[in-house]
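Residue-level structural notes
So the chains spell out like this:
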Amino acid sequence: MITVLGASGNTGGRVVERLCAEGERVRAVGRDADRLAAAVAQGAEPVVGDARDPEFLRVAFDGADAAYVLMPMDVAAAGYAGQQAAVGTAIAGALAATAVPRVVALSSLGADVPGGPDLEATGYLGTLHDQEGRLRTLDAAVTLLRPGMFLESFLFAVDAMRGHGVHADSIDPQVSLPMVATRDVGDVAAEELRRTGPQGVVVREVLGAADVTVPDVVAALGPALGLPDLTYVRVPDEEMVGVLREAGMPADGARLHVAMNRAFNEGRVASLAGRGAENSTPTTVGDWVATLTAVAR
Ligand SMILES: NC(=O)c1ccc[n+]([C@@H]2O[C@H](COP(=O)([O-])OP(=O)(O)OC[C@H]3O[C@@H](n4cnc5c(N)ncnc54)[C@H](OP(=O)(O)O)[C@@H]3O)[C@@H](O)[C@H]2O)c1
């Protein structure tokens, strides 16, 4: 039996789909029974509760042969670092207490870099560095998945794109980044969960089909959204904090978003292995956009 955290989300939803299709018994974890309906329809057992609750997690992991774990982001949390440390400690502690023998954890490119004071080095990603450290202490076979930027992260900005006719962010338009569709991440995670292997830690990068720029994605996404003239506007860092604050993001979240983008711009979020067949995945930006057309218009 395999426990999947974030089973109603991007990657966890795909993990459930793949595992159920392959005949695995799956426990699908999330906070809301309705949002787990798709997982249940595929044959998973729903387990409803909050990952910040160590007791709940022990029940969710109890008896599992393997677990897919991720750090649910709460960008609205005041004190993001403290909130992530609490949930990360709860997850690692429950995995240790229940002795789950195989753990596949969603991390990120850039998680090799310590966050440093106030997480200024890599913004949000600094908390994933810390979580990798907690998971490395487990007496288990642990795979740390390090994907590039999710293409789905552009979807958070669709309302603003429609409102302003541009996509605005602080990433350098000239910088090419590994960007990946979350279905590819879920596929790799499902493969890792079913793999047998020795104790110890394996790091696996998941880089998507190619390195692309933000304008590349915007050029493909605009027409799919019915915005054929959509362009990308780079906003200076301090101004971008203000844009995000105006859009309702708390100060801490806005600062961490811009710090993460600065890390992209300055090359701190990068593949350590270099792109190759083993860390590239199939879905191109064009393929990904094609899957959106029906729902996004
Ligand atoms: N965006 C990027 O470019 C990027 C790149 C690399 C890595 N990452 C990492 O990817 C992770 C997010 O993965 P994702 O996109 O697959 O997830 P997602 O789509 O954001 O979904 C989050 C999942 O976690 C559940 N969840 C949220 N808060 C929870 C809580 N307190 N207790 C229990 N479940 C909770 C949600 O379900 P309910 O709301 O129904 O509970 C949902 O199933 C983050 O850790 C992020 O750092 C992101």
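Residues numbered from 1 in each chain as written. Predicted model: local features only at pLDDT ≥ 70, side-chain atom pairs only at ≥ 80, totals over all residues. Heavy atoms only, no water.

1. Thoughts on the nonpolar core
Filter applied, for reference: What makes a nonpolar core is a set of buried Ala, Val, Leu, Ile, Met, Phe, Trp, Tyr and Cys residues whose side-chain atoms join them at distances within 4.5 Å. Burial here depends on accessible area, computed with a 1.4 Å probe over protein chains only, as a share of the maximum for the residue type. Under 20% is buried, over 50% is exposed, and the range in between is partly exposed. Every helix listed is a DSSP run of H or I at least four residues long, and every strand listed is a run of E at least two residues long, numbered separately from the N terminus. The criterion used for residue contact is that any of the two residues' heavy atoms lie within 4.5 Å.
If you look at the biggest cluster of nonpolar residues, it comprises 72 residues, and the most contacted ones within it are Leu57, Phe61, Val69, Leu95 and Met179. The leading source of residues in this core is helix H4 (residues 80–98), at 7 residues. The contact partners of Leu95, leaving out residues within four places of it in the chain, are Phe61, Ala67, Val69, Val100, Val103, Leu135 and Leu138. Within the second largest apolar cluster, 25 residues are counted, among which are Val4, Ala44, Val180 and Val188.

2. As for unusual backbone geometry
With a phi angle near 55°, Asp118 is a residue other than glycine that sits in the positive phi range. Along the chain, Asp118 falls in the loop between strand E5 (102–106) and helix H5 (125–135). Classification of Asp118 as exposed rests on a relative accessible area of 59%. For Leu119, which is not a glycine, the phi torsion comes out positive at approximately 60°. One can find Leu119 in the loop between E5 and H5. Exposure remark for Leu119: the relative accessible area of 9% places this residue in the buried category.

3. Re the UniProt feature "domain: NAD(P)-binding" (unreviewed entry) in the protein
Basically, it comes down to this: UniProt positions are given in the numbering used here, feature names are shortened, and annotations may be inferred rather than shown by experiment.
With numbering aligned to this structure, UniProt lists the feature "domain: NAD(P)-binding" (unreviewed entry) at residues 6–193. Along residues 6–193 one finds 39% helix and 19% strand; the C-alpha atoms at either end are 15 Å apart.

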